[in-house]
Amino acid sequence: MVLQTQFADIRGNDLYIDGVKATDLAKKYGTPLYVMSEGHIRHQMNELKEKFMDKYENTLPLFASKSFSCLAIYKLASEYGIGIDCVSAGEISIALRAGFDPDKIYFHGNNKLPSEIEYALKHGVTHFVVDNFYELELCDKIAGELDTVVKATVRVVPGIKAGGHNFIQTGHVDTKFGFSSHYGIYLKAIKKILDSKNMEFEGLHAHIGSQVFDLYAYISAMRTFMGFVDEIYKTFGVVVKKINAGGGYGIAYNKLDHPLDFETITEEIMNVIGEAYEKRGWERPMVLIEPGRWVVGNAGITLYTVGAIKDIPDVRTYVSIDGGMADNIRTPLYDAKYDGIVANKAGETKTKVVTIAGKCCESGDLICKDLHVTGNIEAGDIFAVFSTGAYNYTMSSNYNQLPKPAVVFTYEGKSKVVIRRQTFDDLVEYDEDQAYE
Ligand SMILES: Cc1ncc(COP(=O)(O)O)c(C=O)c1O
Ligand SMILES: N[C@@H](CCCC[NH3+])C(=O)O
């Protein structure tokens, strides 16, 4: 077991997060409980600021808020002066409610609804990462009606395969996202934007996938993009002024994962772009990046209470917890590998191999498979699963009518609730039968 954040540590037998004892959090707020280290999030956001935004002129890191979205995280992002990537009017609405600057919101998505486009534009969110021809038509029409302008970054598929699982690869040719570069399709999209008085061409966007450990994939995507930049200049005489290089930076979930260094990725991206522009005698364009998981993934630790234990001699020991796939779908969905620890027996030396099972009515509802845990794990123990800060809360569901857990932030020895635990009342759609109409 390796703690994936410097903001958690083990003292005696106990796990601490930002100096707060995990079992105290479990007692105070109940389980299952998403704990997010604000210390870790601040550290990562500060890295984005200092090692990218302040290091290179004319850059903006965006936090991909699909990875973790709530008022508190948008407030933190705002404090560090970074932007955000939103993929729905819902995410935008929470960001705006948190007081986020609409000019630093980039609206993504492969099927932005007319109502969402209208919502964004009415609220001053004009930076769109446009994805397809249907969206271009909608943007042209709705921006015209509202007498505003969509500032369009065109998402182009670089034709590169990268990412931790088939489901989270987005840069290859056969993807639902973005304009294809085949047959100059993306050039037709740019032409439509240039011809419209309700849209402005801002630049190009690439996102190759998520949980990426391959540095060359980033380099290669950017080299391909420099070819697109040339094509655009040749075709329209337009120099691309903005390049969004996407996110996808992998993190360590266990000791087998070896993530890339953040500064190495960004340096390579900046080098490819910088050299290509310099060679052409052009000023370097504005460069954006948009990591999500890298910012919040290792900040999260989910606490569960251990319940039933089923020991199948010579086969496996199933340790059931009070949550599961409803609060963490990633193991069943992507066969993700999580590390964990008995938070109140963390210092013990004797180990046992167990499989941590959720309480949902699915055999596949397993959170950690064949994990070595210290101590004699038993009912009532608090089990902590590491690196659950990204795509856990935001992908949670009410399967089996399980209320969603609370999210608690910890910071400098203190804790606070940032998302309240759902109650059974939240699960009831209507108290009374609705009449047929
Ligand atoms: C367009 C886009 N940008 C950014 C991200 C963030 O990815 P990650 O959380 O892996 O950094 C995603 C998700 O994969 C995405 O689809
Ligand atoms: N939800 C995925 C990542 C997809 C990111 C969004 N494009 C995960 O948990 O790994």
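Residues numbered from 1 in each chain as written. Chains lettered and ligands numbered in written order. Predicted model: local features only at pLDDT ≥ 70, side-chain atom pairs only at ≥ 80, totals over all residues. Heavy atoms only, no water.

A.B. asks: Would you take a moment to explain the site of ligand 2 for this structure?
C.D. replies: By nearness alone, eight residues border ligand 2, and Arg293, Arg330, Tyr334, Tyr391 and Met395 come closest of all. Take Arg330: an N or O atom from its side chain is 2.5 Å from an oxygen atom of ligand 2. Contact with the protein chains covers 83% of the free accessible surface of ligand 2, which is 310 Å². Cavity membership is defined here by more than half of the atoms lying within 2 Å of grid points; on that basis ligand 2 lies in the largest pocket. Looking at the shell around ligand 2 residue by residue, the classes come out as four nonpolar, one polar and three charged. (Near = heavy atom within 4 Å. Polar contact = N/O pair within 3.5 Å; in protein donor to acceptor, adjacent residues only side chain to side chain. Areas by Shrake-Rupley, 256 points an atom, 1.4 Å probe, with all protein chains shown as cover. 1 Å grid on protein atoms, 1.4 Å probe; cavity = no way out; pocket = protein on both sides within 12 Å on 5 of 7 lines; lining within 4 Å. Sits in = over half its atoms within 2 Å of the grid points. Nonpolar A, V, L, I, M, F, W, Y, C, P; charged D, E, K, R; others polar.)

A.B. asks: Any chance you could explain the packing of helix H7 (residues 185-195) against helix H8 (residues 215-236) here in plain terms?
C.D. replies: Between two packed helices, what matters for the description is the angle formed by their axes and the separation of those axes. The geometry of H7 relative to H8 is characterised by a closest axis approach of 11 Å and an angle of 50 degrees between their N-to-C directions. With respect to each other, H7 and H8 are oriented oblique. Where H7 crosses over H8, the handedness of that crossing is right-handed. Every residue of H8 that contacts H7 at Tyr186, Leu187, Ile190, Lys191 and Leu194 is listed here: Phe228, Glu231, Ile232, Thr235 and Phe236. (Axes fitted to C-alpha atoms, helices over the stretch in contact; angles between N-to-C directions. Helix = DSSP H or I, 4+ residues; strand = E, 2+ residues; numbered from the N terminus. Parallel < 35°, antiparallel > 145°, perpendicular 65-115°, else oblique. Left-handed = near helix turned anticlockwise from the far one by under 90°. Contact = heavy atoms within 4.5 Å.)

A.B. asks: Where do I start with the layout of surface pockets in this structure?
C.D. replies: Volume-wise, the largest pocket comes out at about 810 Å³. If you trace the largest pocket, you find 40 residues lining it, with Lys66, Val87, Phe177, His207 and Tyr391 closest to the centre. Elements with a contribution of two residues or more to the lining of the largest pocket: helix H4 (89-97), helix H10 (293-296) and helix H11 (330-334). Counted as a void, the second largest pocket has a volume near 330 Å³. Taken together, 15 residues make up the lining of the second largest pocket; nearest its centre are Asn254, Tyr338, Asp339, Asp370 and Leu371. When residues in the lining of the second largest pocket are grouped by element, the largest group, five residues, is from strand E17 (residues 366-374). Residue composition of the lining of the second largest pocket, grouped by class: seven nonpolar, three polar and five charged. (Points joined across faces, edges and corners; volume = space filled by probe spheres on them.)

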